[in-house]
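Inside the fold
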Amino acid sequence: KDNQGADLMIATATNHVYPDNGEAVGLYFRHALAQLEFVGKSLSAIAPALLKKITVYGDGVPATATYNESTQAWTANATTTQGNPLLTTDNGGSGWDLSNSGTTVVNGLMVFPKGNTDNVYVDLTTFDGKADKTQTLTIPAMKWENGNIYRYTFTLDPDNNLTITLKIKKWNELDSSYNITF
């Protein structure tokens, strides 16, 4: 499941008139996938928290999909589950030290677009210096649209409780975005 960093573009002809003078036909390119990012923050003033593992899955999150060129839409062939997640990683066994300013945990995870009918679940295993604690965050049902970046920032408070916020932007936008807090 190495789907980080690869992009898939789709092109359609902007007109269907094929010139007989050898000129090229114009094409309209667009991103076919959505992109997820996960950033972790710790509100602890004493020491950074340790995130040991992240797992992402959902009842309607496509694991595999087929693109229909005529409808310009994806159809899921199989979906993810907790046992067959979209992503599970422990950063090579070392985890991540979560700082107050934020630590990028997952960057550039390419995913198939999905409808807005199903929740997404993020299992986070943290270590508080004494024991591991796994918590499941539910990301409310929403669409993942192709060409968008969805940056989920989860915050661990001093009592080891987690909250999550979302920032969405288009891939070609550098500064324009909006935030949603769950």
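Just so you know, these numbers come straight off a predicted model, no measurement behind them.

Conventions adopted
Residues numbered from 1 in each chain as written. Predicted model: local features only at pLDDT ≥ 70, side-chain atom pairs only at ≥ 80, totals over all residues. Heavy atoms only, no water. Helix = DSSP H or I, 4+ residues; strand = E, 2+ residues; numbered from the N terminus. Buried < 20%, exposed > 50% of the residue type's maximum accessible area, 1.4 Å probe, protein only. Contact = heavy atoms within 4.5 Å. Areas by Shrake-Rupley, 256 points an atom, 1.4 Å probe, with all protein chains shown as cover. Polar contact = N/O pair within 3.5 Å; in protein donor to acceptor, adjacent residues only side chain to side chain. Salt bridge = Lys/Arg side-chain N within 4 Å of Asp/Glu carboxyl O.

1. Remarks on the overall build of the protein chain
- Broken down by element type, the protein chain carries 0 helices and 14 strands.
- The linear arrangement of helices and strands in the protein chain, starting from the amino end, is β-β-β-β-β-β-β-β-β-β-β-β-β-β.
- Scored against the burial criterion, the 182 residues of the protein chain give a buried share of 37%.
- If you take every contact in the protein chain between residues at least 6 apart in sequence, the share linking residues at least 24 apart comes to 61%.
- For the protein chain, the exposed area adds up to about 10,200 Å²; of that, 48% sits on carbon and sulfur atoms.

2. Thoughts on the environment of Thr-89
- Mapped onto the elements, Thr-89 comes out in strand 7 (residues 87-89).
- Residue Thr-89 is classed as partly exposed on the basis of its relative accessible area, which comes to 25%.
- In this structure Thr-89 touches Lys-52, Lys-53, Ile-54, Trp-96 and Val-106, once residues within four positions along its chain are discounted.
- Within the structure, the side chain of Thr-89 is placed 3.2 Å from the backbone nitrogen of Asn-91, a separation counted as a polar contact.

3. Focus on the pattern of salt bridges
- Taken as a whole, this structure holds 2 salt bridges when the rule is applied.
- As a salt-bridge pair, Arg-151 and Glu-37 come within 2.9 Å of each other at their nearest N and O atoms. On the criterion of sequence distance, the pair formed by Arg-151 in strand 12 (residues 148-156) and Glu-37 in strand 3 (residues 34-42) is long-range, its members being 114 residues apart.
- Under the relative-accessibility criterion, Arg-151 is labelled partly exposed at 32%.
- A relative accessible area of 10% places Glu-37 in the buried class.

4. With respect to unusual backbone geometry
- The phi dihedral of Gln-72 falls on the positive side, at around 55°, and the residue is not glycine.
- Note that Gln-72 resides in the loop between strand 5 (62-68) and strand 6 (73-79).
- The partly exposed category is assigned to Gln-72, whose relative accessible area is 44%.
- A positive phi angle is found at Asn-91, which is not glycine, with a value near 60°.
- Tracing the backbone shows Asn-91 in the loop between strand 7 and strand 8 (96-98).
- A residue is classified by how much of its surface remains accessible, and Asn-91, at 34% relative accessible area, is partly exposed.

5. Notes on the environment of Ile-149
- On the secondary structure map, Ile-149 appears in strand 12.
- For Ile-149, a relative accessible area of 10% gives the class buried.
- Sequence-wise, Ile-149 and Met-110 are 39 residues apart; in three dimensions their C-alpha atoms are separated by 9.2 Å.
- If we skip the residues at most four places from it in the chain, Ile-149 touches Gln-35, Glu-37, Lys-167, Ile-168, Lys-169 and Trp-171.

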